[in-house]
Amino acid sequence: MADPAVSFKRDLSEWRIVMVAWRLLALQAADPVVGAGMAEHSTYRAHPWRRVEHTLGSGRRLFYQDAETLRREVARLERAHKRIRGTTPDGRPYDARDAGTRAWVLLTLFECVVAMRRLGGDGYDAVQLEDAYAEFKEAVAAFDLPEGELPPTAKDLPAYFARYARERLEFTEAARYLMGDLLREAPRPRRLWFLGDAGWRVVRGLAARVVTELTVADLPAVVRERFGLVRTRRGALLSFLLHRGAGALVRLLPDRLRYRSPEERRPTGRYRPHRRDTRGSRLDRFFREVLDQTGDGFITVHDLRAMAHNVCWQLELDEAAEARVYAAFDGWWEQLRTVMDANGDGKVSREEFVAATVAGCDRDGAYLEQGLLPALGAVFTAADADGSGFLEFDEYRTVFGGPRVHPVELSHGFRQLDTDGDGRITREEFLCGFTEFFTARTDSASGTQLLGRA
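Keep in mind the model is a prediction, meaning the values are calculated, not measured.

A. Spatial organisation of the packing of aromatic side chains. What the rule picks out here adds up to 20 aromatic pairs. With 5.8 Å between their ring centres and 20° between their planes, Tyr133 and Phe136 make a pair best called stacked. Here Phe136 and Tyr133 lie together in helix H7 (residues 126-140), a separation of three residues that amounts to about one turn. On the basis of relative accessibility, which here comes to 1%, the residue Tyr133 falls in the buried class. Through successive ring pairs, a cluster of aromatic residues spans Phe8, Phe110, Tyr133 and Phe136. Positioned above the aromatic ring of Phe437, the side-chain terminus of Arg282 is 5.8 Å from the ring centre. Over the face of the ring belonging to Phe298 we find Lys347, whose NZ or CZ atom lies 5.3 Å from the ring centre.

Shown next, in the form of structure tokens:
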């Protein structure tokens, strides 16, 4: 019988899982299929914190929720992975549906929980480890992996990791970037708003050194050997102090603090009215904060599809609903590409987007109806879970809320759209609000504050 004191699912929801989160991403990115998919289809460079959130959030859906949530999450992952395929720069095809890669990604999640407990001084004993692995395998059975892809028992895991590391893993560009420059370039997390940009640059430099040292020290020895990484004495001491300290702390905490994380941030900035035409600054902000998902200064079809993916991920849509959202965003991209991509390279710069959008709205009153509004209409339909024709606040919060949005700011955005103040948003109010954001010449219109007070 399983030890009632042991639960892999419960351990996955602990606070200290964040201490092995970067290690988890590095291990996953070292698989060449994952690395290629991250390079071409992921927004991890511009939104690293969202990547961590989605990875751990998906893990909780798979292992910490009920059977129906598990089923929906597996189906969502299956649909998302169908779109992640292509050819690497050196000519090798990749496909996220590769069974070996999928098994590796799932097993790294289990291995990181095991490592979290081991490094924290409360590791599983042999019996507990087998119980935890059985719990893990019971959940991932929903993926219907081919026979033999997962090691049969937990005691077989070390040999599996050693073989996989030597035969499959590569120090991919994604893994190198995660281990190096990403942390030194990462944008400030919203919940650290109080640091300001200058304070964040100082903290970011220190955090980059600490996380890199900690990650290298904590990686399995076979992976360090494969990549030529050295575990320094300083890194080993840092790992010991941080993990043992965290392990001792969480064991003193009540469950409500040990297993639940606060997810909120404070609003930033103050609203300042402008008398000049402010469309340019709003569109510039929309480009940077919403459209440019990869953070490279351009928008491509991958940026629009990443936006569609994020909407679908938040709403946990079925296949048909997901297809409608993706089709609408693909249509939006076609409009942007046709109007703005003058040289045909598949990219639109910020300057091109701002200038063309202002000119398009001035020239044609139906300009937004050719791309933006159909995409937003698809989002509204998907978010209107009960088909009432209205977005209640809970439905609005599902798609626009999250750990990066303070509840006050979320309520403010809802009120901007709810122009008649009846506590719900009609499709017309929803689309009119975004139309105002793109077309109002001053910031006096309510829709101009949809990204928060500027």
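B. Structural context of the nonpolar core. Counting 63 residues, the largest nonpolar core has Phe63 and Phe136 as the members making the most contacts within it. Sequence-distant contacts of Phe63, defined by excluding residues within four places in its chain, comprise Phe8, Lys9, Leu12, Leu109, Phe136, Ala139 and Val140. By size, the runner-up hydrophobic cluster in this structure holds 50 residues, among which are Val325, Phe329, Leu368 and Leu391.

C. Representation of the confidence of the model for the protein chain. Chain-level pLDDT for the protein chain is 84 on average; 89% of the residues reach the 70-or-more range. Here helix H4 (residues 48-63) stands out as the element of the protein chain with the lowest mean pLDDT, 72, in contrast to helix H13 (residues 233-250), whose mean of 95 is the highest. A low-confidence stretch, residues 261-274 (pLDDT under 50), is modelled with 34 contacts involving residues beyond four sequence positions or located in other chains.

D. Region of interest: the pattern of salt bridges. The full count for this structure, using the stated rule, is 24 salt bridges. Between Asp90 and Arg92 there is a salt bridge, and its shortest N-O distance comes to 3.3 Å. By relative accessible area, which is 53% here, Asp90 ends up exposed. Residue Arg92 is classed as partly exposed on the basis of its relative accessible area of 35%. Three or more residues joined by partner-sharing salt bridges are found here, namely Glu14, Arg16, Asp122, Arg251 and Arg258.

Thresholds applied
Residues numbered from 1 in each chain as written. Predicted model: local features only at pLDDT ≥ 70, side-chain atom pairs only at ≥ 80, totals over all residues. Heavy atoms only, no water. Phe/Tyr/Trp six-rings, centres within 6.5 Å; stacked < 30°, edge-to-face > 60°. Helix = DSSP H or I, 4+ residues; strand = E, 2+ residues; numbered from the N terminus. Buried < 20%, exposed > 50% of the residue type's maximum accessible area, 1.4 Å probe, protein only. Lys NZ or Arg CZ within 6 Å of the ring centre and 35° of its normal. Core = buried A, V, L, I, M, F, W, Y, C linked by side-chain atoms within 4.5 Å. Contact = heavy atoms within 4.5 Å. pLDDT = per-residue confidence, 0-100. Salt bridge = Lys/Arg side-chain N within 4 Å of Asp/Glu carboxyl O.

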